[in-house]
Structures are given as structure tokens and as C-alpha cells.
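Inside the fold
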Amino acid sequence: MGTLADKLTGLFADAFESAGYDRSYGEVRVSDRPDLCQFQCNGALAAAKQYRANPRQIAQNVVDSISAPVVFEDLSLAGPGFINIVLQDDFIAAHVQKVHEDERMGCETVATPGRILVDYGGPNVAKPLHVGHLRAAIIGESIVRICRFLGHDVIGDVHLGDWGLQMGLIIEGLRDRQPDLPYFDAGYTGPYPEEPPVTIGDLEELYPQASEREKSDPEFAEAARQATVELQAGRPGYRALWQHFRDVSVDDLRQSYERLNIHFDLWLGESDTQDRLYGLIERLKAEEYARESRGALVVEVDDLDGKESIPPLMLQKTDGAVLYGTTDLATIDQRIEEYRPDYILYVVDNRQQQHFRQVFKASYKTGVAPESTRLEHNGFGTMNGKDGKPFKTREGGIMKLKDLIGLVTDHAMARIETIESVREYDEDEKEQIARIVGVAALKYADLMNHRTKDYVFDLDRFSSFEGRTGPYILYAAVRIKSVLRRAGERGLQPGGIMAPRSESERDLDLKLSELPAVVDLTFETRAPNHLCEYAFQLATAYNRFYHTHHILNEEDADRRASWLALSEVTLRALERVLDLLGIEVPRRM
Ligand code: ARG
């Protein structure tokens with residue numbers, strides 16, 4: 001079904017054609033001057049260039065050729081040849097009625113679904129999940145949901161960082177504490193204990209300590225490097241230990257992501273490329289894609305046209321260790337083989353832009369990825385503190401995601417307890433509402449800015465019940481639920497949508513009709529901020545409508561039923577948009 005603007009574009013394309021011009025000039029858009037008109041068609045200006053004619057004359061010819069005059073309340077020419085469009089209220093209402101009847105509210109699925117693999121989250125085993133990974137998870141989850149809603153076949157992969165130096169560091173860190181564990185005995189052949197030798201609390205301590213020590217203790221650093229090489233080469237004790245680290249970490253990660261309403265289809269990681277890594281390296285050597293450079297093995301990826309210089313992608317260090325780029329290349333190899341994706345989207349920090357350029361270029365150059373698979377880095381900016389630097393705890397450390405979730409939940413609890421109705425709910429429900437509202441505040445604030453921009457973490461602002469915030473939008477959704485609930489209690493049913501009676505009602509109708517275009521735009525740009533802005537506008541339009549009309553007290557039964565239907569479809573649209581953003585809605589608050 002699409003939007004009202006799509007429908008009008010069809011009518012205008014016909015009109016351009018019957019006036020003797022190309023159909024493609026018929027594009028109609030939502031007006032950027034809503035004080036003057038609802039929609040506009042500016043095609044006459046572009047057509048004037050092709051047909052070397054006066055744009056105003058063309059616009060007039062088009063208006064004269066419009067074959068569906070009943071649709072329009074007003075069609076007028078403005079400026080050098082713009083056509084301003086105002087629709088008849090009946091026509092608007094008929095459209096909203098269709099939106100109401102359609103389960104997808106006018107949003108179509110794509111004609112040719114593709115398979116899309118989304119690489120997001122990217123936490124590292126053993127290193128605590130910190131706020132730097134927050135955006136990857138939040139933005140990635142939304143992109144996954146949008147692709148899926150449009151009918152694509154989507155696979156989300158967390159791509160754990162589990163094969164790098166951090167593993168060697170914690171192996172050595174643990175050896176220091178408990179040198180007698182069997183994992184360190186090179187002569188021991190197993191079996192190894194099933195119980196992990198560490199808890200998540202231990203891991204969270206071990207890594208920062210080891211990484212601190214690496215900086216000042218060259219012997220320790222060398223041992224960690226060596227342990228990494230041996231782990232990668234398959235030393236059984238280290239493999240067994242590594243498996244424990246991974247299991248303990250993943251258990252903890254799952255819980256954090258669960259609380260954030262983030263769900264991965266695949267829990268693969270860098271290490272899952274082990275069995276193909278060395279074969280791939282051999283092939284690249286044999287085919288002369290990889291060459292030695294000062295003892296290391298690299299693939300040249302510099303632009304052939306020489307416009308900019310990109311350093312080569314490093315595959316193997318002198319000591320034989322593989323690197324971040326090697327596992328990424330092998331992961332692409334694996335994904336292509338197993339899933340044949342049309343796209344692989346990487347939702348990863350902007351600061352890794354150069355890395356992805358190297359990996360993508362190397363993939364295409366070596367035939368790891370066919371040209372038909374689109375590799376795309378959907379980068380994002382940093383969440384900063386008020387000092388403009390990446391967000392830290394008050395003590396200056398890195399804030400763990402768990403602590404951040406606790407912080408936003410407590411903050412939300414303090415706020416919602418000021419709502420009178422909430423005070424009567426039992427503790428369980430209050431806590432659940434606080435988590436949903438807190439996470440919504442965080443997620444909305446993160447998604448609201450274009451992903452490539454940095455933004456400042458400001459919990460007071462994020463949690464406000466006014467303005468562009470998660471709580472404001474949740475509150476609007478919950479308000480509609482309450483209207484519908486009270487209507488239900490009085491036995492009142494929604495009915496057919498009637499022509500709008502006021503400006504606020506008309507604006508709400510028009511806003512509802514825009515949803516499909518917003519979803520498409522969000523997908524095309526991989527930028528959920530468009531959906532955030534739409535959610536805000538829709539919530540605001542509903543609030544205005546709600547304050548001008550007393551829905552439940554309306555005497556005219558048809559009118560009241562129409563308003564209930566309008567409330568219902570608004571709620572569904574809001575819930576749909578919030579779901580695409582990965583934001584939950586409480587039953588009440
Ligand atoms: N683990 C990485 C980090 O913490 C992010 C992984 C992103 N995905 C990828 N395929 N490289 O920086």
C-alpha cells in the first residue's frame with residue numbers, strides 16, 4: 001500500500017504523462033511547509049530543463065491533466081512551478097482506514113529479499129563488556145529488526161573477540177595466581193576439570209591487572225605473547241582454559257544483552273575460524289596474494305589508482321600469531337561458504353574504519369568475497385562524557401555495561417515513583433517498569449543521533465518525560481493503552497475511521513500515513529535515527545489530538561468509535577516503531 005505520498009506520486013506520474021511529459025517527474029513529497037500545504041510536487045522544475053519550457057506552464061498543464069479531482073481539496077501553483085497539494089478529508093480518512101485494516105500498516109516487504117548477515121555487539125571474552133560496546137549492540141539490534149521487518153533473511157552474529165592477545169594475558173595472569181593448575185603443566189594430557197577455575201568476577205579482575213602489568217613488565221608481556229601463540233597453535237591445557245574463559249564470559253554476556261532486549265542468532269567468534277585460517281593463509285601465499293614484509297605476512301590493499309594509501313593487511317606476525325584482520329578475513333570466508341549472504345553489515349565503531357577498508361579490499365582482491373556480496377561498515381561515533389571525552393565512571397575508569405544498566409534502572413525508578421499511579425503497583429512490577437523505562441531512555445538517546453555522530457551521555461536529559469526521549473514516547477504509548485483499556489471496560493468498540501474534524505486529528509492521520517517511507521529510509525541509510533524522530537512526531541501528534549478531543553466522553557457514537565480506531569492504529573504504529581528500535585513498552589506506568 002505504501003504512503004499517501006506514494007499514492008499521489010502515482011496520480012501525478014499519470015498527469016505528467018497525459019500532459020506529454022515523462023512520468024518520472026511526478027514524485028510527490030510531504031510538504032516541508034505544512035503551513036501552506038500537505039504535499040508538494042516539484043517535478044515541473046526539472047521537467048522544464050528537459051523540455052526547455054516554462055516550469056509554471058508545465059505545472060499548469062499537469063494540474064489540468066489531473067484525472068482524480070475528488071482527491072484534492074486544493075491544488076495550486078507556487079513560486080516558479082511548485083504544485084502545492086491539500087487533500088480532501090474523506091480521502092485522508094479512507095487511507096487511514098486501510099492503514100488500520102492492514103496488519104503491517106501500509107509497510108510492504110521488499111520485492112527481492114536478500115540474505116543479510118549483521119555483525120554487531122563484538123564483545124571481547126574476558127574483557128568486561130563496556131559502554132564502548134553499547135552502541136554496537138543497540139544500533140545493530142535495530143538494524144537487524146528493520147531488515148527482518150522488510151522481509152530480508154537476516155542472521156545476527158555477535159562475533160566474539162576471543163582469539164587475541166587478551167587470552168594470553170589472562171592465561172599468564174591466572175598462572176601467577178594459581179601456578180599449580182593442571183592447565184599449565186605442559187606434560188599433563190588431561191582430562192581437565194569440568195568446573196571453571198575462575199568466576200566472572202575473577203575474569204573481570206584478571207584482565208585489567210594483566211593488561212596493566214603488560215605495560216611495565218616486559219617479561220610478563222613476552223610470556224603473554226608466547227601463551228597466545230601456543231593457544232592458537234593448539235596447546236591442550238591452554239585450549240581447555242580458554243574454553244572455560246569463553247563459557248564463563250558468554251554466560252555473563254547473555255544476561256547483559258537479555259536485559260537490553262538484544263538477541264543474537266549466532267554466538268560465533270574469531271576462534272571459530274581456527275580450522276580454516278591456515279588453509280586460507282596457504283592459499284593466499286600460493287596464489288601470491290600474500291607476501292612477506294619484514295618477517296610478517298601481509299596482503300597489499302593499497303588503491304590501484306594510488307589516490308590514497310592504505311597500509312597492507314597483516315595476516316601473521318613473525319612469531320606466527322594471527323591477528324584481528326586474519327580472523328576477520330577468515331570469518332568472511334566462512335560466512336560466504338555457509339550462508340551465501342548478499343550483504344554483510346558490520347556495526348562497529350568508526351575508529352575501525354581503516355581496519356574494515358583493509359579487510360574488505362583484501363577479501364575482494366583475493367576472491368574470499370565475490371563482488372556480489374556487499375561488505376559494508378556501518379560505523380558509529382562515541383558516547384562521550386560531559387567533558388567531551390569517551391564516557392568514564394566518576395573514578396575515571398571504564399564503566400561496565402552491567403553498572404550502566406543498573407544506573408539507568410535506578411534513575412528510572414526514582415522518576416517513575418513520582419507518578420501517582422505507579423506508587424500503588426507491587427515491587428515486581430515497579431522494578432520491571434523501571435528496567436524498561438531506563439533501558440528505553442538509554443537506547444532512544446543512543447539511536448536518536450545519527451549513528452556516525454558522537455553524543456554526550458546525560459542521564460537527566462535522557463530520562464525526562466518531555467522532548468525527544470524514550471520515556472516521553474513510552475508514556476504516549478501507555479496513555480493510549482489506558483484509553484483503550486478504559487473504553488473496553490465501558491464496552492466501547494473502535495469503528496470505521498471518519499474524516500478528521502480538527503487540525504490535530506488531520507495531522508495525526510497524515511503522520512500515520514508516513515510510516516512506510518520512514519521504514520524504507522531507515523533501511524536504506526542504516527540509520528535508525530529516522531525512526532526515532534518519527535516516533536517522537538507521532539507521539540506528539542497523538543498527544544495534541546488527545547488534548548483537543550475528549551475521546552471517551554464524546555457523545556456521537558460513530559465519532560467516538562472512529563477516535564478509538566485512530567488511537568488503536570497509533571498505538572500499533574508506535575509499538576511497531578519501538579520494536580524496530582529494540583525498545584519494549586510496559587503494560588502501564
Ligand atoms: N571485538 C572487537 C572490538 O572490541 C569488535 C568486533 C567487530 N566485528 C568484527 N568482525 N571485527 O573492538
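Okay, so let's go over this structure. Remember, it's a predicted structure, so these values are computed and weren't measured experimentally.

1. A closer look at the pattern of salt bridges
Evaluation of the coordinates by the stated rule reveals 46 salt bridges. The closest approach of N and O atoms between Asp119 and Arg335, which form a salt bridge, is 3.0 Å. Taken together, the residues span a long stretch of sequence, with Asp119 in strand β5 (residues 115-119) and Arg335 in helix α11 (residues 324-339) at a distance of 216 residues. Arg335 carries the same exposure label as Asp119, and that label is buried. Residue Glu575 is joined to Lys481 by a salt bridge in which the shortest nitrogen-to-oxygen separation is 3.4 Å.

2. Here we look at a negative patch on the surface
Together, Asp6, Glu108, Asp520 and Glu524 line one region of the surface with negative charge. Relative to the elements of secondary structure, Asp6 occurs in helix α1 (residues 4-18).

3. Things to note about the sheet that holds strand β6 (residues 153-157)
Reading across from one edge, β6-β5-β10-β11 is the order of the 4 strands in this open sheet, with parallel pairing throughout. Single-partner strands in this sheet number two, and they are β6 and β11 (374-377). Averaged over neighbouring strand pairs, the angle between their axes works out to 15 degrees when direction is ignored. Of the strand pairs in this sheet, β5 and strand β10 (residues 343-346) are connected by 4 bridges, and their pairing is parallel. The residue of β10 that forms the bridge with Val118 is Leu345. Of the strands in this sheet, β5, β6 and β10 are in contact with helix α5 (residues 134-149), which crosses β6 at around 165 degrees.

4. Notes on empty space enclosed by the protein
Overall, the coordinates contain 3 cavities of 30 Å³ or more when judged by the stated rule. Taken as a whole, the largest cavity holds about 100 Å³ of empty space. Taken together, 13 residues form the lining of the largest cavity, with Lys127, Pro128, Leu129, Glu204 and Asp252 sitting closest to its centre. Listing elements by their share of the lining of the largest cavity, those giving two or more residues are α7 (200-216), α9 (236-259) and α13 (401-416). For the lining of the largest cavity, the leading source of residues is α9, giving 4 residues. The residue inventory of the lining of the largest cavity, partitioned by class, reads 6 nonpolar, 2 polar and 5 charged.

5. Describing the sheet that holds strand β7 (residues 290-293)
In space, the 3 strands of this open sheet follow the order β7-β8-β9, with antiparallel pairing throughout. For this open sheet the edge positions go to β7 and β9 (313-316), each flanked by a neighbour on one side alone. Averaged over all neighbouring strand pairs, the angle between strand axes comes to 45 degrees, with direction disregarded. Bridge count between strand β8 (residues 296-299) and β9: 3 bridges; the pairing is antiparallel. Bridge assignment links Val298 to a residue of β9, and that residue is Met314.

6. Re the side chain of His377
In this fold, His377 is placed in strand β11. Given the relative accessible area of 19%, His377 is considered buried. Separated by 2.7 Å, the side chain of His377 and the backbone oxygen of Val348 make a polar contact. A distance of 3.5 Å separates a polar side-chain atom of His377 from the backbone oxygen of Asp349.

Definitions and cut-offs
- Residues numbered from 1 in each chain as written.
- Predicted model: local features only at pLDDT ≥ 70, side-chain atom pairs only at ≥ 80, totals over all residues.
- Heavy atoms only, no water.
- Salt bridge = Lys/Arg side-chain N within 4 Å of Asp/Glu carboxyl O.
- Helix = DSSP H or I, 4+ residues; strand = E, 2+ residues; numbered from the N terminus.
- Buried < 20%, exposed > 50% of the residue type's maximum accessible area, 1.4 Å probe, protein only.
- Patch = residues over 30% accessible without salt bridge, like charges linked within 9 Å, V, L, I, M, F, W, Y side chains within 5 Å.
- Areas by Shrake-Rupley, 256 points an atom, 1.4 Å probe, with all protein chains shown as cover.
- Lys, Arg positive; Asp, Glu negative; His and termini not counted.
- Charge placed at Lys NZ, Arg CZ, Asp CG, Glu CD.
- Pairing = 2+ DSSP bridges.
- Axes fitted to C-alpha atoms, helices over the stretch in contact; angles between N-to-C directions.
- Contact = heavy atoms within 4.5 Å.
- 1 Å grid on protein atoms, 1.4 Å probe; cavity = no way out; pocket = protein on both sides within 12 Å on 5 of 7 lines; lining within 4 Å.
- Points joined across faces, edges and corners; volume = space filled by probe spheres on them.
- Nonpolar A, V, L, I, M, F, W, Y, C, P; charged D, E, K, R; others polar.
- Polar contact = N/O pair within 3.5 Å; in protein donor to acceptor, adjacent residues only side chain to side chain.

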